[in-house]
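Summary of the model geometry
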Amino acid sequence: ANSTADLKERFLKVIKKRWLKTHEVYFLLKNPDFLFKIGFAYQSEVGHLPLSGEFFIWNKKLHKNKWKKDGHEWVTRKNNPNYVREDRENLNVNEEDNFIK
């Protein structure tokens, strides 16, 4: 049986080694309780210049634009350089588009 600590350790190894696969992202978006079950919590503060492989959970309603202030140079909108460009993509899993609100 996998303990909670084992699951978290395995998850951390994966995200430090590679990007998550589409079906893994889809699983996390559809099952946010999984992340809380293995010991992750919502972040309250933005880390300065987070490193590659770090993983954060944000409550979008509470921290609307905080992620934009992490020290990285984000791509800005062409028509207004004061705003960060936010692209939207469809998540395609098993040849089906999945839009998660």
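Use the structure listed above.
Cut-offs used in this document
- Residues numbered from 1 in each chain as written.
- Predicted model: local features only at pLDDT ≥ 70, side-chain atom pairs only at ≥ 80, totals over all residues.
- Heavy atoms only, no water.
- Core = buried A, V, L, I, M, F, W, Y, C linked by side-chain atoms within 4.5 Å.
- Buried < 20%, exposed > 50% of the residue type's maximum accessible area, 1.4 Å probe, protein only.
- Helix = DSSP H or I, 4+ residues; strand = E, 2+ residues; numbered from the N terminus.
- Contact = heavy atoms within 4.5 Å.
- Salt bridge = Lys/Arg side-chain N within 4 Å of Asp/Glu carboxyl O.

1. Thoughts on the nonpolar core
In this structure, Leu7, Phe11, Ile15, Leu28, Leu35, Ile38, Phe40 and Ile57 together form the largest nonpolar core, which totals eight residues. The greatest single-element share of this core, amounting to three residues, is contributed by helix H1 (residues 4–17). In contact with Ile38, not counting residues within four places along its chain, are Thr4, Leu7, Lys8 and Phe11.

2. Section: the pattern of salt bridges
According to the stated counting rule, one finds two salt bridges in the structure shown. As a salt-bridge pair, Glu9 and Lys13 come within 3.7 Å of each other at their nearest N and O atoms. Pair noted here: Glu9 and Lys13 are both in helix H1, with a separation of four residues, about one helical turn. Two residues, Arg18 and Glu24, come together in a salt bridge whose shortest N-O distance is 2.9 Å. Accessibility expressed as a relative area gives 31% for Arg18, which makes it partly exposed.

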